[in-house]
Amino acid sequence: MSLILPSFLTIAGTDPSGGAGIQADLKTAAALGVYGSSVVTALVAQNTTGVFLTEPVGQEMLAAQLEAVFTDIPPQAVKIGMAGTSVSIEIIAEKLRKYNQSPVIVDPVMVSTSGHSLLNPEDVNALTSRLFPLAALVTPNIPEAEALLSTKGRRICTGKDMEKAALELSQVFQTSFLLKGGHNDQGADDVLCCNGSVTWFSGKRINNPNTHGTGCTLSSAIACGLAAGMGLEDSICAAKSYLNGALKAGLKLGKGRGPLWHGWKTETIPLSETKRK
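Position numbers for residues count from 1 along each chain, tracking the sequence in the order it is written. The predicted origin of the model limits local features to residues at a pLDDT of at least 70 and limits the giving and counting of side-chain atom pairs to 80 or more, whereas totals for whole chains, interfaces and linings rest on all residues. Each side-chain value is derived from all of the structure's non-hydrogen atoms; neither hydrogens nor water enter the calculation.

The protein chain appears in an unreviewed UniProt entry as Hydroxymethylpyrimidine/phosphomethylpyrimidine kinase from Lacrimispora sp. BS-2. UniProt positions are given in the numbering used here, feature names are shortened, and annotations may be inferred rather than shown by experiment. The Sequence similarities (unreviewed entry) field of the UniProt record for the protein chain holds the comment "Belongs to the ThiD family."

Segments assigned H or I by DSSP are reported as helices when at least four residues long, segments assigned E as strands when at least two residues long, and all are numbered from the N terminus. Mapped onto the secondary structure, Asn-100 falls in the loop between helix 3 (86–99) and strand 5 (104–106). For every residue, the accessible area (1.4 Å probe, protein chains only) is compared with the maximum for its type, and the residue is labelled buried under 20%, exposed over 50%, or partly exposed between those bounds. According to the relative accessible area criterion, Asn-100 is buried, its value standing at 15%. Excluding anything up to four places from it in sequence, Asn-100 contacts Phe-70, Pro-75, Val-78 and Lys-95. By definition, residues are in contact when any of their heavy atoms lie within 4.5 Å.

Okay, the packing of helix 2 (residues 59–70) against helix 3 next. Here the axes come from fitting lines to C-alpha atoms, over the contacting stretch only for helices, and the angles between their N-to-C directions go from 0 to 180 degrees. At a closest axis distance of 10 Å, the pairing of helix 2 and helix 3 adopts a crossing angle of 20°. In terms of orientation, helix 2 lies roughly parallel with respect to helix 3. Here the hand of the crossing between helix 2 and helix 3 comes out right-handed. Here Gln-59, Leu-62, Ala-63, Leu-66, Glu-67 and Phe-70 of helix 2 come into contact with helix 3, specifically with Val-87, Ser-88, Ile-91, Ile-92, Lys-95, Leu-96, Lys-98 and Tyr-99. Should an angle fall under 35 degrees it is taken as roughly parallel, and over 145 as roughly antiparallel, whereas 65 to 115 is taken as roughly perpendicular and any remaining angle as oblique. Two helices that cross are described as forming a left-handed crossing if the nearer one is turned anticlockwise from the farther one by less than a right angle, and a right-handed crossing if clockwise.

Two strands pair when backbone bridges link them, and strand 8 (residues 190–194) and strand 9 (residues 197–201) are joined in this way by five bridges, in the antiparallel orientation. Within strand 9, the residue paired with Asp-190 across the bridge is Phe-201. When DSSP finds two or more bridges between two strands, those strands count as paired.

Once that is clear, we can look at the pairing of strand 4 (residues 77–80). The two faces of strand 4 match: Ala-77 and Lys-79 on one face and Val-78 and Ile-80 on the other face are all buried. Where strand 1 (residues 7–13) and strand 4 come together, four bridges link them in parallel fashion. Note on strand 4: the bridge partner recorded for Phe-8 is Ala-77. Looking at chain direction, strand 4 and strand 5 are connected through three bridges and run parallel. What sits directly across from Lys-79, in strand 5, is Ile-105.

Moving on: the state of the cysteines. What counts as a disulfide here is a pair of cysteine sulfur atoms lying within 2.5 Å. Going through the model one piece at a time under the given rule, you end up with zero disulfides. Here Cys-194 stays unpaired: no disulfide links it, and the sulfur of Cys-193, its closest cysteine neighbor, is 7.6 Å away.

This next bit is on the side chain of His-212. Tracing the backbone shows His-212 in the loop between strand 9 and helix 7 (214–227). In this structure the side chain of His-212 is engaged in a polar contact, spanning 2.8 Å, whose partner is the side chain of Asp-15. In the analysis that follows, any N or O atom pair within 3.5 Å is treated as a polar contact, provided that within protein one partner can donate a hydrogen and the other can accept it, and provided that, for residues neighboring in sequence, both atoms belong to side chains.

In contact at an axis separation of 9 Å, helix 3 and helix 4 (residues 121–131) are set at 10° when each is read in the N-to-C sense. In this view, helix 3 runs roughly parallel relative to helix 4, as classed from their interaxial angle. Of helix 4, the residues touching helix 3 (which contributes Ser-86, Ile-89, Glu-90, Ile-92, Ala-93, Leu-96 and Arg-97) are Glu-122, Asp-123, Ala-126, Leu-127, Arg-130 and Leu-131. Each residue gets one label: Ala, Val, Leu, Ile, Met, Phe, Trp, Tyr, Cys and Pro are nonpolar, Asp, Glu, Lys and Arg are charged, and the others, such as Gly, are polar. In terms of residue class, the contact of helix 3 with helix 4 is made up of seven nonpolar, one polar and five charged.

The subject of this paragraph is the nonpolar core. To define a nonpolar core, start from buried Ala, Val, Leu, Ile, Met, Phe, Trp, Tyr and Cys residues and group those joined through side-chain atoms within 4.5 Å. Ranked by size, the top nonpolar core spans 45 residues in total, and within it Ile-80, Ile-92 and Leu-131 carry the most contacts. If we skip the residues at most four places from it in the chain, Ile-80 touches Ile-11, Ile-92, Leu-96, Val-104, Ile-105, Val-106, Asp-107 and Leu-131. In this structure, Ala-31, Leu-178, Ala-227 and Ile-236 belong to the second largest nonpolar core, which totals 24 residues.

Below you can see the structure in the form of structure tokens.
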């Protein structure tokens, strides 16, 4: 008997502490019953307290990784997180145009949870001009949305602000946008603008300071839903539910903003109970 699973590809940077990036994406896929492949764009020395060093993967290696996945295990959905330099972004865009026929989710990772800037202006321009046109959905948080709209002196604070920003982003970049409200003090609602229509997804703020990797996890979970054949809105609903469970689990690790518990949906059996009788 053969096991057939939907396949999902994450293109992102690493997190040796396991809470964000490639590591969080693959944990999310496994928890949701989707097979995860990965392409590393950058080696990132980070943990729950911050980012210490970032080193882009070489051009030949990046291109070879993409070729290896697309020519052997074509994904049913692609998630792009930390895309790297403008050169890396061009390579990713080229391979997507050549091979990919599945929906692409772009999580515009511009600033880390600890506040560390991850993209310079040239890279942001490459991200918006080369990858956004290939995306079925872009998932910025509020600070990223403000940066993308260059909202100097115009903060996104209220629900009305979020809705206006999502509509403007969708119109400017000609694709769907899910503006995440996790940075909004008034709640944790997200707003989707798709083909000019606005849909709100309610969310309760969970009293948990450990939010390392929430953006990576949500975008990957949405991509996994699409890979499994769900529609966009249903994928977002399911992803938010999964993320809420991962936050409610209350995992406490690290000295800073700790990671989520991606395995909350599965029963945890202590190894001591699985030893041979």
